[in-house]
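Observations on the three-dimensional arrangement
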Amino acid sequence: MANHKTGVKKLVLLGAGHAHVHVLSSLARQRPRDLEVTLVTPQDHQTYSGMVPGFVAGCYAGHECRIALTPLMRSAGVQWVAGHCAGLRAAEQMVDVSVRAEAPADAVSLDYDLLSIDTGAVVDRLRLEQVMPGAAEHALMLRPIDRFVHLWPQVLALARRRPLQVVVVGGGAAGLEVLMAARQRLLRDGVAGSRFTLVTGGAEPGSSYPAGVRRRISRQLKAHGIAVVQDTCIGMDAGLVRVAGGGVLPCDVPILAIGTHAPAWLLNSGLNLSPQGHILVNAFQQSTSHDNVFAAGDVATRADRPHPKSGVYAVRAGPALATNLMAWHAGAPLKPHHPPSRTLNLLSCGSGHAIASWGPFHAEGAWAWRWKDRIDRAFIRRYCLN
Ligand SMILES: Cc1cc2nc3c(=O)[nH]c(=O)nc-3n(C[C@H](O)[C@H](O)[C@H](O)COP(=O)(O)OP(=O)(O)OC[C@H]3O[C@@H](n4cnc5c(N)ncnc54)[C@H](O)[C@@H]3O)c2cc1C
């Protein structure tokens with residue numbers, strides 16, 4: 001809470017997601033002297049998910065997909081608590097953090113005057129296990145993204161020894177990109193004979209895209225020799241994936257790219273939540289129940305104007321979030337954030353080719369991949385202070 005002698009107030013930032021990276025860079029340019037800022041996040045870097053398929057394809061090294069947080073925090077005069085938020089008590093203005101430490105179960109509680117949340121979405125293992133028994137134990141999950149990046153080299157090492165059956169469960173953009181990237185990489189660096197399958201959950205691959213884009217995606221999958229199973233995965237075991245129609249797919253590497261959940265620690269926070277458990281925010285990215293709590297990215301849902309959860313929207317919310325946090329602190333009027341009604345989508349099909357779409361318009365080619373590469377590298381550069 002505010003120090004009554006000095007008048008210094010406490011801002012706690014939970015997570016170093018896309019919007020908070022911008023908040024940090026904005027604080028590095030100018031931080032009010034009467035504001036003490038703490039960032040709670042597990043790592044000293046933020047991995048940019050948009051470049052992870054390129055990392056899988058072997059086009060980027062791990063460090064090229066990361067924003068180093070230490071220089072940003074140092075410039076912004078921000079303290080770092082290396083850990084995960086495990087609980088929030090909005091009525092008491094307290095967050096409970098499980099601290100990353102050698103000793104297990106270390107925990108601290110932090111009080112705040114102003115709180116901002118950008119912790120992204122999670123895969124809730126308990127909920128996953130209910131619909132897909134065995135997945136929590138056997139699947140290689142895309143989230144947390146750092147864990148996936150850490151484990152991917154083990155898949156590569158295995159692929160250098162023997163052909164693999166790779167099954168990606170989840171036919172959305174992330175699953176498609178990672179599958180096509182994995183195929184490209186294993187054909188290049190692994191022994192011959194690996195096979196690749198997409199399990200879509202019943203729908204067409206890329207079902208949230210317009211029909212023209214879906215046709216392009218299907219053509220790409222066919223050209224890459226990727227088998228498509230339009231069925232729902234209902235469980236996994238060592239070496240196999242089960243689908244609802246009764247089929248069993250042999251599988252060495254089951255990659256899970258299904259939809260994500262809201263974090264369970266929000267449930268008892270006292271904040272207004274959407275039916276899916278995300279933080280409900282207004283046009284100022286401010287909680288609809290607690291005016292000193294702001295949120296952006298996949299953890300939040302705009303009550304006035306729900307939009308898809310994606311990195312593009314999280315990035316766009318960053319400047320508005322930074323402005324409104326400072327305005328709230330200064331007692332100045334907040335500014336509404338207007339998310340775009342449609343965004344440019346660049347779906348990479350392995351490195352070297354991408355499908356570009358914007359609303360009903362779509363096209364593809366090597367130029368689209370170069371465009372994505374330029375945008376992604378520029379994003380990383382913008383926040384690398386070193
Ligand atoms: C492989 C892949 C590729 C993708 N490609 C694209 C793309 O090209 N374009 C696009 O628009 N979207 C893409 N997405 C979706 C995109 O990743 C997400 O929508 C985006 O990351 C959401 O950003 P965010 O700021 O909400 O959180 P995140 O980027 O998920 O960041 C959350 C941060 O919070 C930290 N954190 C998590 N839990 C806690 C906690 N309890 N306490 C403290 N800190 C915590 C994390 O370590 C991380 O630093 C892709 C997703 C994947 C998996």
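Above this note sits the structure.
Quick look at the structure, then. (Residues numbered from 1 in each chain as written. Predicted model: local features only at pLDDT ≥ 70, side-chain atom pairs only at ≥ 80, totals over all residues. Heavy atoms only, no water.)

Concerning the pattern of salt bridges
Under the definition given, this model contains 14 salt bridges. The partner of D96 in a salt bridge is R89, with the nearest N and O atoms 2.6 Å apart. Classification of D96 by relative accessible area gives partly exposed; the value is 23%. A salt bridge links K372 to D376; the nearest nitrogen and oxygen atoms lie 3.0 Å apart. Of this pair, K372 and D376 both sit in helix α10 (residues 366-383), four residues apart, which is roughly one turn of that helix. The exposure class assigned to K372 is buried, which follows from its relative accessible area of 10%. Each of R160, R185, R188 and D189 takes part in salt bridges that share partners, so that together they form one network. (Salt bridge = Lys/Arg side-chain N within 4 Å of Asp/Glu carboxyl O. Buried < 20%, exposed > 50% of the residue type's maximum accessible area, 1.4 Å probe, protein only. Helix = DSSP H or I, 4+ residues; strand = E, 2+ residues; numbered from the N terminus.)

What about the site of the ligand?
In the vicinity of the ligand, 29 residues are found, and the nearest of them are Q46, S49, D118, R143 and D298. Contact distances for the ligand include 2.7 Å between an oxygen atom and a side-chain N or O atom of R143. Separating an oxygen atom of the ligand from a side-chain N or O atom of S310 is a distance of 3.5 Å. Here the ligand, which alone exposes 1000 Å², has 86% of that area covered by the protein. Within the residue set of the shell around the ligand, elements represented by two or more residues are β2 (35-41), β5 (78-89), α7 (173-189) and α9 (311-330). Split into classes, the residues belonging to the shell around the ligand amount to ten nonpolar, 14 polar and five charged. When we break the shell around the ligand down by domain, the ones giving at least three residues each are domain 1 (9-122 + 261-330) and domain 2 (125-259). (Near = heavy atom within 4 Å. Polar contact = N/O pair within 3.5 Å; in protein donor to acceptor, adjacent residues only side chain to side chain. Areas by Shrake-Rupley, 256 points an atom, 1.4 Å probe, with all protein chains shown as cover. Nonpolar A, V, L, I, M, F, W, Y, C, P; charged D, E, K, R; others polar. Domains from an automatic or database assignment.)

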